[in-house]
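Examination of the molecular architecture
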Amino acid sequence: MRRTNLIPQALLSAQSRFTFKTQLEYSLFIGGVVILALFVTLEIFQLIGIGIFAYQAKLGNNKLISLTRELRENTKARENVEAQIKSWRDKAAQTKERMAFLEEEVKGGILWSGVLEKLNSFVPARLWLIKLSLGKDIIKIKGNTYDNLLISTFISNLSNSEFFTEIALNYAQKSKLKEGVDGEGGREVIEFEITCRMKGIGVKQNNLSDDKEATEKGANK
């Protein structure tokens, strides 16, 4: 039996370019393809891993920013609470001091209504008092006026009286009224502070009666 090749020689020559002469060449080709496939696969997995890591890093960063914001808000809230507690403690301490002062003054012999009445009688027109700090025998007076001459007049009135001594002007400075006085809002005024010491004023009648009774008993003896 004789075999005849019916495939043209040109076609056989073209196919021979893609054929392997030996089994070794075929094995090397397969190995190269496998290595290339593995390399591409590793690159793909590496890119996927980088993407997952970047996503996780972004989530972690967002969580860190959120926690930082919450920590800042909690710190601010804690500071506000501490400030309120401190303010309440200061007010409680001031109230306690005032109560102690009032108890001491009630036990003492000073009639503050008489002190304020005498003090008000020495205030000139166009000068008004805005704050009084009363000690045992020292008064700190804060007030406003439109003229320095009125401050001098007030100090002179206090000095010429028999009820106040050691009068000192702590300061006198210009300022603007936040609220109108006599309908003159925003007008420039002079703020001042005066310190003086009381003498022979505001003694309660009970103490005077006790002193008088004690004097009479001494005379009878």
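Remember, predicted model here, so these are calculated numbers, not experimental data.

With the rule as written, the count across this model stands at three aromatic pairs. Ring geometry for F122 versus F164: centroids 6.1 Å apart, planes at 85°, classification edge-to-face. On the criterion of sequence distance, the pair formed by F122 in the loop between helix 3 (112-121) and strand 1 (127-134) and F164 in strand 3 (residues 164-176) is long-range, its members being 42 residues apart. By the burial criterion, F122 is buried, and F164 matches it.

For the rest of this paragraph, the subject is the side chain of T145. Tracing the sequence through the fold places T145 in strand 2 (residues 138-145). T145 sits in the buried class, given a relative accessible area of 0%. Among the polar contacts made by the side chain of T145, one reaches the main-chain carbonyl oxygen of R126 at a distance of 3.0 Å. Residues within four places of T145 in sequence aside, it is in contact with R126, L127, W128, L150, I151, V189, I190 and F192.

Our next topic: unusual backbone geometry. In this model, R126 sits at a positive phi of 70°, which is unusual for a non-glycine residue. One non-glycine residue, E166, adopts positive backbone phi at about 50°. Position of E166 relative to the elements: it lies in strand 3. Classification of E166 by relative accessible area gives exposed; the value is 55%.

This part covers the confidence of the model for the protein. Residues with a pLDDT of 70 or more make up 70% of the protein, whose mean pLDDT is 77. Residue range residues 203-221 is modelled with pLDDT below 50. Its contacts to residues more than four positions away, or to other chains, number 11 contacts.

Judged by pairing direction, the sheet is antiparallel, and its four strands sit side by side in the order 1-2-4-3 without closing on themselves. Each end of this open sheet is capped by a strand with a single partner; those strands are strand 1 and strand 3. On average, each strand axis in the sheet is tilted by 20° relative to the strand beside it, whichever way the strands run. Contacts from helix 4 (residues 148-160) reach strand 1, strand 2, strand 3 and strand 4 (188-198) within the one sheet, and its direction differs from that of strand 3 by about 165°.

A separate point is the pairing of strand 2. With seven bridges connecting them, strand 1 and strand 2 associate as antiparallel partners. Bridge pairing in strand 2 links L134 to I139. Relative to strand 4, strand 2 runs antiparallel, the two being bridged by eight bridges. Looking at strand 4, one finds that K140 is bridged to T195.

What counts and how
- Residues numbered from 1 in each chain as written.
- Predicted model: local features only at pLDDT ≥ 70, side-chain atom pairs only at ≥ 80, totals over all residues.
- Heavy atoms only, no water.
- Phe/Tyr/Trp six-rings, centres within 6.5 Å; stacked < 30°, edge-to-face > 60°.
- Helix = DSSP H or I, 4+ residues; strand = E, 2+ residues; numbered from the N terminus.
- Buried < 20%, exposed > 50% of the residue type's maximum accessible area, 1.4 Å probe, protein only.
- Polar contact = N/O pair within 3.5 Å; in protein donor to acceptor, adjacent residues only side chain to side chain.
- Contact = heavy atoms within 4.5 Å.
- pLDDT = per-residue confidence, 0-100.
- Pairing = 2+ DSSP bridges.
- Axes fitted to C-alpha atoms, helices over the stretch in contact; angles between N-to-C directions.

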